[in-house]
Every structure is written in C-alpha cells, then in structure tokens.
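This is what each chain is made of:
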Amino acid sequence: MVAPDAVQFVTGDLAGSRGRMAFVRLRALIMFQTSIHAPPSFFQRDSHAYPFDPGPLHLFRAAGWDRVPAVIYDASLDDLCQRVWEGHRIDCGEAQRLYALPLEELGALADRRRQLAKANAYEGRGNEIVTYNIDRNVNYTNVCNVYCKFCAFYRTEKDEDAYVITPQEMDRKIEETIALGGTQILLQGGHHPKLSKSWYLDLLSRIRTRFPQVNIHGFSPSEFIHFRDAFQEPLSALIAEFRQAGLGSIPGGGGEILVDRVRQRVAPLKAMSDDWLEVMDVAHAQGLFSSATMMFGHVETVADRIEHLDRLRVQQDRSLRRRQDSPGSGCGHFTAFIGWTFQSENTRLRAPTVGAHDYLRTQALARIYLDNFDNVQSSWVTQGPDIGQVALTYGANDLGSIMIEENVVSQAGTTFRMDVAEMQRLISDLGYEPRQRDNWYRLVG
Ligand code: SF4
C-alpha cells in the first residue's frame, strides 16, 4: 500500500539542486514501502542505513497502517551524503559510514564524484568519454624470493618453468603490441636474486632505442626496494638511472593493502607501506607519473582498505603540492587508482572470493575518498567484462587495458579476455564514447 502523497512529497524535489539526493531518498522510500510487511528484524538490521526523511512517516499512519515500524532517522548521514554530492572531502570515519550505504546509493554518489572529477577533462567532454588503453603486460622473470602468500606466479630458480626473458622475446612481444595499436608495455617481474643492475639498464636502453614510440611503464615500488637492497644504492640515484635508460612511468603494483599489519600477514618479505610510498614520492619528485593500486579481499578489514586509501590521498596531496609549488618543474603524481580483488586459486592464502557486490562497493568508496585522483580504472581482469562495465557507473571512468598478455592473475585461476571491439562495445552500450588513451590519459588518435 503506497501513500501517493509521500511519493509526491519526495518527487517534488527532483528538479531542484538537491535533485539527485531526492531521487536517492525516493528509492529508499520505495524500498521501505515494499518492505513494510517484512519482519521487525529487517528494520532493526537495515533501517539505520537509509537516509530517510521522517516527514513521510505520518503519511503511512494516515494511510491506515496501525503499526509503523520504528525508523531511526539519522540526519547526519543525510548531511554526509549531501556533502559527498557537493564534492567535499570526507574522513576515514565518514568513509566507514558510507560503506554501509545501500550499494546503489553509494554507486550514485560515486558516479556524481566521477562527473565532478572529469567535468573539465577532454575540453569539457570528460563525462561523455570512457577511455581504455592498449598495452601488454610483460613479466620479464617469474623467479622471485619474496614468496607472497597471495601469489601464484612466482617460481624458484630450480623450478622447471622458471624463466628470464631474452632480448629477442622482448622484441617480439613489443612488435606484436605495436601491430595491435598498443602504446605501452607494462614491465614487471619477480625479485630475481641474481639479475644485475646492468641487466635491467640494458633491457630499458634496448627497448627505448628500438621502440621509441612505446612507453615503458615499469618496475613497481617493491621491485625498486629490491633493487635498492640488492645494488646497495639510494632510491633516488636508482630511479634517476632507470629513467635515464628509458623508464617512462611506474606501475602501482605491489601496493596490496598499505597497512603493515596486513602486509606482515600476506607478504612479510616484501616492501612495507612506507617503502612503497617512498618510491612513489621519489619518482614523482623526479617527474615520473605512476598509478596506484589496491588488492583487497583477503585478510584485511574495511578499516584497512580505508587506511590504504587515506595513505594514497595523503601522498597525492604531497605530490600535487610539490607540483604546484614548482611550476614548470614537471613533477609527477598518481594518474589513476585501480582496485582489484584477490584471486586465490593456486596460492597459499585462503580467503573467500570477493564478489561483485563488495568489489563495486569498494571501488565506489575509493572514487569518493580519493578526491585528488582524476581517474579510476575498473577491473574487468578480475571481475569479468560485465562487472567491469557496471563498474563504469560506480565511479570508474576508464576500462583499463585489453591486456594483450597477462600472466599473474591468470596463474591464480582468472582468465578473462577482451579485444578492442568488445571493449568499445561495453563502453558504447553505456552511452559513452570509447576512446583509446595513453599512460597519461591523453587521447590517442
Ligand atoms: S607478488 Fe611479486 S614479489 Fe610477491 S611473490 Fe609474486 S612475484 Fe614475488
């Protein structure tokens, strides 16, 4: 039994400046109405999560219901949603509260923040365009002595299928990438205990000389920490040398969760949070741009995820401030945030697989929390093309790469594949214009 006046009461706000939030309220109201006969536990469990306006409640009574369930009206949650809608920064406690919102309401807020973040991009067409990238993930070696519990990719030197890429293999992979319209290689590998610094520098120089049009997006922070320890050189000198040899930007791999208590449990031999952030800080100061990632859905809590986002936001503030303080210095910063879910097959870490619901909820929260990031990439590689597409309405503005080659996630049992035509179709179906971009989110072609 619906109280029509109540619906009108809410829809009357739809054309106003608070229109979208009124829509959210309308939906919450309908959920309430359709659930009015649900057992009391429904309301005890969920009613706190909806930003109800108390006004319509008397209308339910007027409409003949003699027993209206108690609803806790939390005006501060309503205010919080409104502040998110208007683009204000939120803190960790507020992020926790948003995480408990109904998924679609959180998604609507994240979509709003995406619109604010991209409004001025691409000559004002940022909210008509969804971008994608064509690159190839080249893992130069699978030999690694870090033994992360969540990793199914690493091998020891004695394993039969251990490898180190040859220059000829590298050339072939890059030539194939260029033939498919690719602009970049994502160069990452295990922490090989025996490769020398000159091996890496020769690799970079060779690629730069032979394929000057291809960006080398290479060596995550944990690899640089490995280089620092193995070659006994300061990070700043190493990054400068790698850059000189051809490195173009740095991937955000190895971020996992930037909370040491979590890292100690899943990857105790790997770079800790401060190390990871220090590499990014040094790289940004030297003019390199990087991405930021989060791998979630293992032993971490929601509070840990939020702490991870907070550390990224603080670093981005620092990098952007440095860029602003030194105009023309060319200092770098994070270009994008990419969240993906832990894939457990063939790993030593047991955890239930994170489904689409939690994935979308976390990505939406990241878009809202990371108010100083222009770009959020959806993760079709772990969630599949359909959820990757849906994620574009939960704060993401980029569908990532077609990933001509991917070895790490596929070793953990997830093997989604997509070509350019499929990627473009997924974007077009949502009403966006698909456009290829480069590492710096500049449109290609
Ligand atoms: S995630 Fe990277 S560092 Fe960890 S074991 Fe796998 S290859 Fe090594």
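Cut-offs used in this document
Residues numbered from 1 in each chain as written. Predicted model: local features only at pLDDT ≥ 70, side-chain atom pairs only at ≥ 80, totals over all residues. Core = buried A, V, L, I, M, F, W, Y, C linked by C-beta atoms within 7 Å. Buried ≥ 20, exposed ≤ 12 C-beta atoms within 10 Å, placed from the backbone. Helix = DSSP H or I, 4+ residues; strand = E, 2+ residues; numbered from the N terminus. Contact = placed C-beta atoms within 7 Å. Expected span 1.5 Å × (residues − 1). Near = placed C-beta within 6 Å. Nonpolar A, V, L, I, M, F, W, Y, C, P; charged D, E, K, R; others polar. Pairing = 2+ DSSP bridges. Right-handed = clockwise from strand over helix to strand, strands pointing away. pLDDT = per-residue confidence, 0-100.

## Here's the deal with the nonpolar core
Within the largest apolar cluster, 95 residues are counted, with the highest numbers of intra-cluster contacts made by F337, L365, I368 and L399. Looking at this core element by element, the count peaks at seven residues for helix α16 (residues 356-369). Discounting residues that sit within four places of it in the chain, L365 has contacts with A95, L98, Y99 and L106.

## Some points on helix α14 (residues 273-285)
Relative to the 18 Å expected for 13 residues at 1.5 Å per residue, α14 spans 18 Å between its end C-alpha atoms, a close match to the ideal helical length. Residues of α14 that are buried: W276, L277, V279, M280, V282, A283 and H284. Each element contacted by the buried residues of α14 is listed here: α11 (221-231), α12 (235-245), β5 (249-250), β6 (289-296) and α15 (302-325). Just downstream of α14, G287 is the residue with a positive phi angle, here 95°.

## Here's the deal with the site of the ligand
Every residue close to the ligand is listed here: C144, V146, Y147, C148, C151, F153, Y154, G190, H191, S222, A267 and K270. Considering only residue class, the shell around the ligand consists of eight nonpolar, three polar and one charged.

## Looking at unusual backbone geometry
Phi is positive for E123, which is not a glycine, with a value near 55°. Mapping E123 onto the fold places it in helix α8 (residues 121-124). The class of E123 is exposed, set by 7 C-beta atoms lying within 10 Å. Even without glycine at this site, Q232 takes up a positive phi of about 55°.

## Re α11
For α11, the buried fraction is high: eight of the eleven residues fall into the buried class. Along α11, the residues classified as buried are P221, S222, E223, F224, I225, H226, F227 and R228. On the buried face of α11, the contacting elements are β3 (184-188), α12 and α14. Positive backbone phi, at 55°, marks Q232, one or two positions downstream of α11.

## Brief notes about the pairing of β3
For β3, the buried fraction is high: five of the five residues fall into the buried class. Residues Q184, L186 and Q188 point to one face of β3 and I185 and L187 to the other, with burial holding for every one of them. With five bridges connecting them, strand β2 (residues 135-139) and β3 associate as parallel partners. Bridge pairing in β3 links N139 to Q188. Regarding topology, helix α9 (residues 167-179) serves as the crossover connection from β2 to the parallel β3, and that connection is right-handed. With four bridges connecting them, β3 and strand β4 (residues 215-218) associate as parallel partners. Looking at β4, one finds that L187 is bridged to G218. Chirality of the crossover, the property in question, places the unit of β3, helix α10 (residues 197-210) and β4 among those that are right-handed.

## Remarks on the confidence of the model for the protein
Averaged over every residue, the pLDDT of the protein is 85; residues scoring 70 or more account for 81%. In this model, residues 1-54 is a region of pLDDT below 50 whose contacts with residues beyond four sequence positions or in other chains number 59 contacts.

## Structural notes on the pairing of strand β7 (residues 334-341)
Burial within β7 is extensive, with seven of its eight residues counted as buried. Across seven bridges, the pairing between β6 and β7 is parallel. Directly across from M295, in β7, lies its bridge partner W340. Where the polypeptide runs from β6 across α15 and back to β7, its parallel neighbour, the crossover connection is right-handed. When β7 meets strand β8 (residues 375-377), the two strands line up parallel, connected through three bridges. Opposite F337, over in β8, you have V376 as the bridge partner.

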